[in-house]
Amino acid sequence: TQLRTVTPDDYIIRTLSLPSKYGVISKAYVTQDMGISFNYPKDLLATQNPNAISLYILSRDVNNNLTLSNPALKQNLKTFLSEYRMLTDGVNIKDAFIINIGVDFDVVVRPNYNNKLVLNNCLTTLQSYFNIDKWNINQPIILSDIYSALDQIEGVQTVQKINIVNKAGTNSGYSQYAYDIKGATINNILYPSLDPSIFEVKNLTTDIQGRVVTL
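All values derive from a computational prediction rather than experimental measurement.

The rules behind each value
Residues numbered from 1 in each chain as written. Predicted model: local features only at pLDDT ≥ 70, side-chain atom pairs only at ≥ 80, totals over all residues. Heavy atoms only, no water. Pairing = 2+ DSSP bridges. Helix = DSSP H or I, 4+ residues; strand = E, 2+ residues; numbered from the N terminus. Core = buried A, V, L, I, M, F, W, Y, C linked by side-chain atoms within 4.5 Å. Buried < 20%, exposed > 50% of the residue type's maximum accessible area, 1.4 Å probe, protein only. Contact = heavy atoms within 4.5 Å. Expected span 1.5 Å × (residues − 1). Arc of directions from axis to C-beta. Salt bridge = Lys/Arg side-chain N within 4 Å of Asp/Glu carboxyl O. Polar contact = N/O pair within 3.5 Å; in protein donor to acceptor, adjacent residues only side chain to side chain.

Colleague: How do you make sense of the sheet that holds strand S6 (residues 141-142) when you look at a structure like this?
Modeller: Hydrogen bonds between backbone atoms are what pair the strands of a sheet, whose relative direction is either parallel or antiparallel. A sheet is described by the order of its strands in space; here three strands give the open sequence S6-S9-S8, paired in antiparallel fashion. Edge positions in the open sheet fall to S6 and strand S8 (185-186), since each of these has one partner strand only. Inspection of the sheet shows S6 paired to strand S9 (residues 189-190) by two bridges, in the antiparallel sense. Each residue of the ladder has a partner; that of Ile141, found in S9, is Leu190.

Colleague: For this particular structure, what's the right way to read the nonpolar core?
Modeller: Side chains of nonpolar character tend, in soluble globular proteins, to be buried together. Grouped together as the largest cluster of nonpolar side chains are 37 residues, with contacts concentrated most on Ile101, Phe105, Phe130 and Ile141. Elements with a minimum of two residues in this core: strand S2 (53-60), strand S5 (97-109), helix H4 (115-129), helix H5 (143-151), strand S7 (156-166) and strand S10 (197-200). Top element by residues in this core is S5. It accounts for seven residues. Those residues in contact with Phe105 that lie beyond four places of it in its chain are Leu119, Cys122, Leu123, Leu126, Leu150, Lys161, Ile162, Ile208, Gln209, Gly210 and Arg211. Within the second largest apolar cluster, 14 residues are counted, among which are Tyr11, Ile57, Phe80 and Leu81.

Colleague: I keep staring at H4 and nothing clicks. Help me out?
Modeller: Think of an α-helix as turning once every 3.6 residues; residues three or four places apart then point the same way. Its 15 residues give H4 an end-to-end C-alpha distance of 21 Å, which sits within 8% of 21 Å, the value for a rise of 1.5 Å per residue. Here H4 has its buried residues at Val118, Leu119, Cys122, Leu123 and Leu126. Down the axis of H4, the buried side of the element spans an arc of 140°, and every buried residue falls inside it. Within H4, the exposed residues directed more than 90 degrees away from the buried face are Lys116 and Leu117. Those residues of H4 hidden inside the fold are in contact with S5, H5, S7 and strand S11 (208-212).

Colleague: Explain the pattern of salt bridges to me, please; I cannot follow it from the model alone.
Modeller: This model, assessed by the stated rule, comprises four salt bridges. The salt bridge involving Asp133 is made with Arg60; its shortest N-O contact spans 2.6 Å. With a gap of 73 residues between them, Asp133 in the loop between H4 and S6 and Arg60 in strand S2 connect regions that are remote in the sequence. With its nearest N and O atoms 3.8 Å apart, the salt bridge here joins Asp106 to Lys161. Of this pair, Asp106 sits in strand S5 while Lys161 sits in strand S7; the two residues are 55 residues apart in sequence, bridging distant segments of the chain. In this structure Asp106 comes out as buried when scored by relative accessible area, which is 7%.

Colleague: Please explain the environment of Ser59 as it appears in this structure.
Modeller: Note on placement: Ser59 falls in strand S2. Excluding anything up to four places from it in sequence, Ser59 contacts Val24, Ile25, Ser26, Asn65, Leu66, Thr67, Ser69 and Leu73. A polar side-chain atom of Ser59 sits 3.2 Å from the main-chain carbonyl oxygen of Val24.

Colleague: Even after reading the chapter, I still don't get helix H3 (residues 71-82), so can you show me in this structure?
Modeller: With 12 residues, H3 ought to run about 16 Å at 1.5 Å a step, and its terminal C-alpha atoms sit 17 Å apart, in line with that. Buried within H3 we find Leu73, Lys74, Leu77, Phe80 and Leu81. For H3, the angular spread of buried residues about the axis comes to 125°, placing them on one side. Where H3 begins, the capping side chain belongs to Asn70, and its oxygen is found 3.2 Å from the backbone nitrogen of Ala72.

Colleague: Hey, could you run me through the environment of Pro111 in this one?
Modeller: As for its placement among the helices and strands, Pro111 is situated in the loop between S5 and H4. Using a relative accessible area of 60% as the deciding quantity, one classes Pro111 as exposed.

Listed below in structure tokens is the structure:
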């Protein structure tokens, strides 16, 4: 009733509702660092306030891609949240990590279907699936969901392969952080890093590639 920010969801909703005149936050994630950092018990600054939370955020650039929030935006957010948080709470505003990825896939097309048309429908489906508006920080990629999405496209007989690849390197316009895709994939689920991060297909039209193959 006092509009206090109490739960993690409260902090996320309040963060994403920051008035646009102060800047725009695209993604937000709340956690307590004691839950993700092995060094937390040894970190004197962190243990000064057991109620402190870490708020991980990301913004967008002029091309609508994820980017780090600038210091002015963080300060505006800190001031905005101070009006609603509990007096005992502390909020540490941090940058989430961006993991840029690409998707390669092979499909077998049913007889009497146009290969190009089916392939284009597959590409459109995956471009929609990986639209960054649908993704959150620390959301895993469930490969079986991607297989299912492609299987449901008319004309697709078999999805032979789906391969997630890491796109890294500031010189090429991607995130500076390389990521071990193979090592982070368990039981057909690609997990983000322990540090709060988000998977992003930066260039939907070029970073998703498909082929029509034969059995």
